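For reference, the chains in residue letters:
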Number of protein chains: 12
Amino acid sequence: MNIQIINGPNLNLLGEREKEIYGNIGMKEYLKILREHFKDFHIDYFQSNIEGELIDKIQETAKVSDGIVLNSGGYTHTSVAIRDAVASVSCPVVEVHISNIFNRESFRHTSLMAPKCKGSIIGFGLDGYRLAIESLRIVHSRES
Amino acid sequence: MNIQIINGPNLNLLGEREKEIYGNIGMKEYLKILREHFKDFHIDYFQSNIEGELIDKIQETAKVSDGIVLNSGGYTHTSVAIRDAVASVSCPVVEVHISNIFNRESFRHTSLMAPKCKGSIIGFGLDGYRLAIESLRIVHSRES
Amino acid sequence: MNIQIINGPNLNLLGEREKEIYGNIGMKEYLKILREHFKDFHIDYFQSNIEGELIDKIQETAKVSDGIVLNSGGYTHTSVAIRDAVASVSCPVVEVHISNIFNRESFRHTSLMAPKCKGSIIGFGLDGYRLAIESLRIVHSRES
Amino acid sequence: MNIQIINGPNLNLLGEREKEIYGNIGMKEYLKILREHFKDFHIDYFQSNIEGELIDKIQETAKVSDGIVLNSGGYTHTSVAIRDAVASVSCPVVEVHISNIFNRESFRHTSLMAPKCKGSIIGFGLDGYRLAIESLRIVHSRES
Amino acid sequence: MNIQIINGPNLNLLGEREKEIYGNIGMKEYLKILREHFKDFHIDYFQSNIEGELIDKIQETAKVSDGIVLNSGGYTHTSVAIRDAVASVSCPVVEVHISNIFNRESFRHTSLMAPKCKGSIIGFGLDGYRLAIESLRIVHSRES
Amino acid sequence: MNIQIINGPNLNLLGEREKEIYGNIGMKEYLKILREHFKDFHIDYFQSNIEGELIDKIQETAKVSDGIVLNSGGYTHTSVAIRDAVASVSCPVVEVHISNIFNRESFRHTSLMAPKCKGSIIGFGLDGYRLAIESLRIVHSRES
Amino acid sequence: MNIQIINGPNLNLLGEREKEIYGNIGMKEYLKILREHFKDFHIDYFQSNIEGELIDKIQETAKVSDGIVLNSGGYTHTSVAIRDAVASVSCPVVEVHISNIFNRESFRHTSLMAPKCKGSIIGFGLDGYRLAIESLRIVHSRES
Amino acid sequence: MNIQIINGPNLNLLGEREKEIYGNIGMKEYLKILREHFKDFHIDYFQSNIEGELIDKIQETAKVSDGIVLNSGGYTHTSVAIRDAVASVSCPVVEVHISNIFNRESFRHTSLMAPKCKGSIIGFGLDGYRLAIESLRIVHSRES
Amino acid sequence: MNIQIINGPNLNLLGEREKEIYGNIGMKEYLKILREHFKDFHIDYFQSNIEGELIDKIQETAKVSDGIVLNSGGYTHTSVAIRDAVASVSCPVVEVHISNIFNRESFRHTSLMAPKCKGSIIGFGLDGYRLAIESLRIVHSRES
Amino acid sequence: MNIQIINGPNLNLLGEREKEIYGNIGMKEYLKILREHFKDFHIDYFQSNIEGELIDKIQETAKVSDGIVLNSGGYTHTSVAIRDAVASVSCPVVEVHISNIFNRESFRHTSLMAPKCKGSIIGFGLDGYRLAIESLRIVHSRES
Amino acid sequence: MNIQIINGPNLNLLGEREKEIYGNIGMKEYLKILREHFKDFHIDYFQSNIEGELIDKIQETAKVSDGIVLNSGGYTHTSVAIRDAVASVSCPVVEVHISNIFNRESFRHTSLMAPKCKGSIIGFGLDGYRLAIESLRIVHSRES
Amino acid sequence: MNIQIINGPNLNLLGEREKEIYGNIGMKEYLKILREHFKDFHIDYFQSNIEGELIDKIQETAKVSDGIVLNSGGYTHTSVAIRDAVASVSCPVVEVHISNIFNRESFRHTSLMAPKCKGSIIGFGLDGYRLAIESLRIVHSRES
């Protein structure tokens, strides 16, 4: 199974800053744990601060992946364009948020992505990525 | 590990009605699958249509469980009282919604429970329960 | 034809209190008039102040009734859970309100039940129940 | 008993268009059924697409009718002027809506007429007119 | 000086109904008093319940009048079209409301006409018409 | 091809007033240009300040026209009734606005007509009518 | 007849500043015109920038005046306290605004005073004061 | 004097949890203090997590008590049904909130109960109950 | 114990006007009753209609009083400045409202003071002041 | 005449996905038709998913084009930055939307671009581009 | 150059209270630093808790000052009257806020003063006053 | 001291377009003036129209600069992602706006950046950059 993780703006700083919100493990380190855990999966990783590059990647990867794990960061609450990209692809997209966004500023309480995703996993820290891949495995087994 | 699943109003009808939204497997049947999957877990199940009985159960079970999986159904969007019960207990509570609530009527887009839960798992059908228990296992291993 | 009348919170006080709003005839007395009027109908009556018991009754009665007359009282404006119960049953549900709810506090101007009911009858005092049963008779004759 | 039915804009198209919403019986045809059913009633019918003509009719008819059945169509949600006409007459006015307006666009969820009417009957198709006349009969018998 | 009074919907009922709000003098009677008071003025009167006829009249009269006294009744709060008519004419228009509209339902608290009128006179009963003509006299003397 | 242009309130004043907004050519003059340009079309013109007459015309003309060009003027933002008329006809309706309504008062930023029209053409002055007829020609050629 | 004019904040600058809004005649000069015009009236004038002094004056003057003309300036839109003062006195209070407040910033479109005043006169420049005194003369004559 | 204290959801946990908000004394312990302080009073205590049971108790107790002290907890902000129960009884009801609800989440800033209660006492910790009983003593002495 | 009562705008009229809302006892008279009741207390009284003088008094008195009883009248709903004064002092401030503000105009339903006060006592008429002093006695005894 | 078409995010997928909304012809194919139709025009095409690249292109092209046809896709509803770019250029910009945006999610009902564009053409499918170029031709001929 | 600093309510407490927000230096002390720093300036200082006195000062000082530095404290968010005073003077007014008002309660996020000031300087503690005087120096040099 | 100026979308057009809003000096020219004025500072300049590049630059520069002057242009009002970048860095960020944003369209009245910046300087034209650097100098001297 091919899985593509797509991380949005400022998520390149994971493990370095605002550790009280996002924890102190970086994505690089966590990717190792993930790949160890899901040995039979091919897990690709992409991060960009640029909205349009995230759209490009979603369009592109949808043709070759079995599932996308998307954390669109700050764009989650404002980007109709990324939402449209998610809506336009046919492979399942699962939304992940590291922090409990419902506990933060009110503009973070809505996700433009959510209605177009297979499902949402929110608040479990980096382990949200693991649960998202798990969910894609289940979705996949249900459908095949 | 002791897990308590608590289901709110109308979830006793799972598998019987509105199958296009909730699927056609009943909770009884799915519980078997869950218990099979998590053999080393003790999984209790409780359902009530009465708001106050859900509060009673949350208060009670919090003393003996290692984690609660809560699907508060229609009360999710209106019950300050259940939210207060969740806030008052110290064992981790994970929120599950079977359908993608962000794709339905606008009054279903907010959850009063979410800010007081460990995390939320939304839109994966009955498999949301499995992911929730999985998440509690991870939370548990992180903390011990 | 089997008809189930379901009355929500505080409607046990009909005829006793706030008579300027609800009139001075009790439900017991009015039921007699109703049964007299609809001699060929079996009319059951249920009242509870507890939200979940109303849900239980709706679920239960839907299997054996030809129509439900629902006055969900104060829960009309707040209960997503009762709405979900109405949505989940297949027998026709007709909503009744004794007073003209559009003439009272603004929070009474919306009904969460209405979109899931066959129809709504509002403002005719206790005679609303009679019109509701009449409407169920017509619905029934149209469909058979 | 003299009853005046007043239908607002586009209701002249009943039975011809948007049949999935309004059914496929025209008003002419239904009037026959109504007059058959209420043999001891004199039932007048008026339809206009012009807001002010509806006001004229309400003012005029109120002096000679024992009750008005009003379906103000699209003006229901916008016309303070028709509302004022209803408020200014002393004969009882009963509001009818053919479709379940609470199930349609949100701007149809409020009725400017409702607070000034004796009562509202919503969602029963053309049979709403029959229930409305029935309700006027009951109101009349209560008062005399 | 030529003055045109234009009254909107339901104002033909002045002195007949809802006297606690609008007083018990009819417009006919009051017009006599007005014409007596303003002997050197020619005062025309027009009333219609039809929105478009009010627009027609405003357009028409603006070419021959020195001032318009407009009480657009229930259309005050909803009619962009009458507002546009007022905006399109160059003779001064003064808005009158008989009752204190700020003391009534909240939808009466705004006037679509006001920003396009010379001024507004509100709450003085029928005497508002007298003050309005007075104001037009002053405006006229200022400008000439 | 038969085209019906329908203009709403105050559009009879085109070319006479508020020229900074609507330009200084009257509709009569522009109709000549239009008919010259679309020689193979039969172009009818109708204007009324009365909401209900616009509804009458839409209903009527829909049976004999191949397309309607509708500029409902000030009713655009308030008339559910005209919207319902547009929704009830099956020939294509194209909405035109002479001025850029998004640049004016905020209550002009929404069109109740738009969701029920084939399309909207906004801000091109009187040339909007030409573009609208052009669009109907294209729609027609696509469908035949 | 004793009339008290009460002017609120910044109205001491009349005739000096923002002349495009408020005109170029000062209050002193206009008072002379007023007293000339209403020779049989005693007209007192009071201005303060301090909210509480306006309240003091309203309370005080209400015992000795036959009517108050109140222009509460910028406090019109914010002062519940002045409104309460107006509500507490029994002599008639007429509200005046020099400019057309409905044509300015949206926070100027509501008046907390209006519902507690006898009536409102808006947009006639300084002549609003003359119309207000005129209105008090009429009110007085009606009541005596 | 007979006083009934009615506590709503989660208030059975007083003194056990969220002590930084609710203090560390339990209701049992505080009741002793209260009964000591008001020796000449009979003080009954009732707590339930179930909305409908609170309604039952209010209806019931109103017939035998001289006053009700009501802390409806999380239902305060959502329950039209309890509000209706309070409105339906004639003995005085005083609302108590332990914490300063105006300092917490915004959905706690409004009380559906308040408009139907004799008065509200908010923010004094458990001593609010003492002040409420004190207030009922004063109310009682005023009325007798 | 030194207690300072601070009353805001229009409260100098207590017992004179709007007696149906505020009762018919003046503050002078009630102060005598209060001082009689709390013999061991020194009770100072201050009233002003001027917002800034209330701020001055709060700042000043906070240095020498053991508690402030504040009824900020109409400023309650609008004055950020008085709120800031309350927030800036360290002696306890208790808010009192004579009438049930939740039963009046909607702009009276929020108090800018409440979140910065020790507690709020609302709706008990002048007896609210007695309960407030009682509450300060309890607060004081708890803390010493 | 030089025309620049600028397409925003996800419009590279035209003809491939969500064909029920956007039709099944790709932009490449349609460009051929356009160039055929407007033989005397030079038509440039640019598409990017990146907001800032759209801004760059608008700034750049405005110096050499006679008109811009802009479909800013999902950025239409959120991008103040693109709006500012449109506002900053002097060559005419015409807004096109393929689908009827007023018929879709409510966040698509507003366009930040519209007030800064020459005009808007909405709902005609890909033919909107043809109408837009037509409109630019007319604008050009009017101005020269 | 003559500079007038005007401070609003509660700013007389600077350096004494709520030091975590406003710092621990008093205005007296900081004025010394300012005068030292701007030796060639005459810096006047005025503070009042009374809204109207601030208005008086702004009107007065505008005639003799080259610039006003205004911190209107809690009145910033509510006072239309002070805003009107600022709008009425022609010397430049610069707004200062000591704390970052955008980080505090939501009612502090808007300034009624800002649109009428030359500019705003927010969040730099007492150094905001220094930057404001600096800005007035620059403004002055630009204009001369 | 190292200072980084970061300018957002369309600010590359400074001095070329919309001069009535932004003035007629370009950034290049003004940078010379700035560097002249702050001779002991190293001032870097960066401009991009691409949201993500601004984020990249903020992250990058924060490691080597002593302060950032940020004018995020049109992204100020919409970009949660840039806000998150500002929140994630530890060097002080000062927000500058050239025009008085509170005097323009209402969507420009809020800044998502402001709560995460050291302070905001708004409305002083290009001199805002000079004041911002001045403020960073003061901040720096306070902290060292």
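Structure: above.
Our subject in this report is the structure included herewith. What you see is a predicted model; the values in this text were computed from it and never measured. (Residues numbered from 1 in each chain as written. Chains lettered and ligands numbered in written order. Predicted model: local features only at pLDDT ≥ 70, side-chain atom pairs only at ≥ 80, totals over all residues. Heavy atoms only, no water.)

Some words on the interface of chain F and chain D
We count it as follows: Residues are treated as being in contact if the distance between any of their heavy atoms lies within 4.5 Å. Here's the idea: put two parts together, see how much 1.4 Å probe accessible area each one loses, and the total over both is what we call buried area. We count a salt bridge whenever a side-chain nitrogen from Lys or Arg sits within 4 Å of a carboxyl oxygen from Asp or Glu. Three classes are used, and their members are as follows: Ala, Val, Leu, Ile, Met, Phe, Trp, Tyr, Cys and Pro are nonpolar, Asp, Glu, Lys and Arg are charged, and the others, Gly among them, are polar.
Each partner contributes to the interface: chain F provides 20 residues, whereas chain D provides 16 residues. Between chain F and chain D, roughly 1400 Å² of surface is buried when both sides are summed, and carbon and sulfur atoms account for 50% of that area. It is Gln59(F), Val80(F) and Ser88(F) in chain F that bury the most area against chain D; as a group they hold 33% of the surface buried on that side. Across the contact surface, chain F and chain D share 2 salt bridges. Measuring nitrogen to oxygen at the nearest pair gives 2.8 Å for the salt bridge that ties Arg108(D) to Asp84(F). Residue composition of the side of chain F that touches chain D, by class: 8 nonpolar, 5 polar and 7 charged.

Focus: the packing of helix H2 (residues 27-37) of chain F against helix H5 (residues 127-143) of chain F
Residues and elements named next belong to chain F. Filter applied, for reference: To get an axis, fit a line to the C-alpha atoms, keeping to the stretch in contact for a helix; angles then go from 0 to 180 degrees between the N-to-C directions. A run of DSSP states H or I qualifies as a helix once it reaches four residues; a run of E qualifies as a strand once it reaches two. Both are numbered from the N-terminal end. In this scheme, a crossing is called left-handed if the near helix is turned counterclockwise away from the far one by less than a right angle; it is called right-handed if the turn is clockwise.
Put simply, H2 and H5 touch, their axes get as near as 10 Å, and they point 35° apart. Crossing geometry of H2 relative to H5 is assigned as right-handed. Here H2 contributes Met 27, Tyr 30, Leu 34 and His 37 to the contact with H5, which in turn contributes Asp 127, Tyr 129, Arg 130 and Ile 133. Taken together, the residues of the contact of H2 with H5 sort by class into 5 nonpolar, 1 polar and 2 charged.

Re the pairing of strand S4 (residues 93-97) of chain A
Residues and elements named next belong to chain A. To keep it simple, the criterion reads: Using a 1.4 Å probe on the protein chains alone, a residue whose accessible area is under 20% of its type maximum counts as buried, one over 50% counts as exposed, and one in between counts as partly exposed. Convention used here: a crossover is right-handed provided that the path from the first strand, over the helix, to the second strand proceeds clockwise when the strands point away from the viewer. Criterion used throughout: strands pair if DSSP finds at least two bridges between them.
Burial within S4 is extensive, with 5 of its 5 residues counted as buried. Going residue by residue along S4, you find Val 93, Glu 95 and His 97 tucked away on one face and Val 94 and Val 96 tucked away on the opposite face as well. Following the chain from strand S3 (residues 67-71) across helix H4 (residues 80-88) to the adjacent parallel S4, one finds a crossover that is right-handed. One ladder, built from 4 bridges, connects S4 with strand S5 (residues 119-122); its direction is parallel.

Regarding the sheet that holds strand S2 (residues 42-47) of chain D
The 10 strands are arranged S2(C)-S1(C)-S3(C)-S4(C)-S5(C)-S5(D)-S4(D)-S3(D)-S1(D)-S2(D) in an open sheet whose pairing can be described as mixed. In this open sheet, the two edge strands, each paired with only one partner strand, are strand S2 (42-47) of chain C together with S2 of chain D. For this sheet, the mean inter-axis angle between neighbouring strands, taken without regard to orientation, is 20°. Each of strand S1 (2-7), S2, strand S3 (67-71), strand S4 (93-97) and strand S5 (119-122) of chain C touches helix H5 (residues 127-143) of chain C; the most contacted strand, S3(C), lies at about 155° to it.

Description of the interface of chain G and chain E
Size of an interface, as often reported, equals the accessible area lost when the parts are brought together. What counts here: Polar contact is defined as a pair of N or O atoms within 3.5 Å, subject to the rule that within protein one atom must be able to donate a hydrogen and the other to accept it, and that residues adjacent in sequence are counted only when both atoms are side-chain atoms.
Counting from both sides, the interface comprises 22 residues of chain G and, opposite them, 22 residues of chain E. Taking both partners together, chain G and chain E bury about 2100 Å²; carbon and sulfur atoms supply 59% of that area. At the junction of chain G with chain E, the criterion picks out 4 salt bridges. Across the pair Glu134(E) and Arg130(G) runs a salt bridge, and its minimum N-O distance is 3.9 Å. The interface formed by chain G and chain E includes 10 residue pairs in polar contact (both at pLDDT 80 or more). Counting residues per element, the ones that place at least two in the side of chain G that touches chain E are strand S5 (119-122) and helix H5 (127-143) of chain G. Element by element, the count of residues in the side of chain G that touches chain E is highest for H5(G), at 7 residues. Residue composition of the side of chain G that touches chain E, by class: 11 nonpolar, 6 polar and 5 charged. As paired strands, strand S5 (residues 119-122) of chain E and S5(G) are joined by 3 bridges and run antiparallel to one another. Its bridge partner being in S5(G), Ser120(E) is matched across the sheet by Ile122(G).

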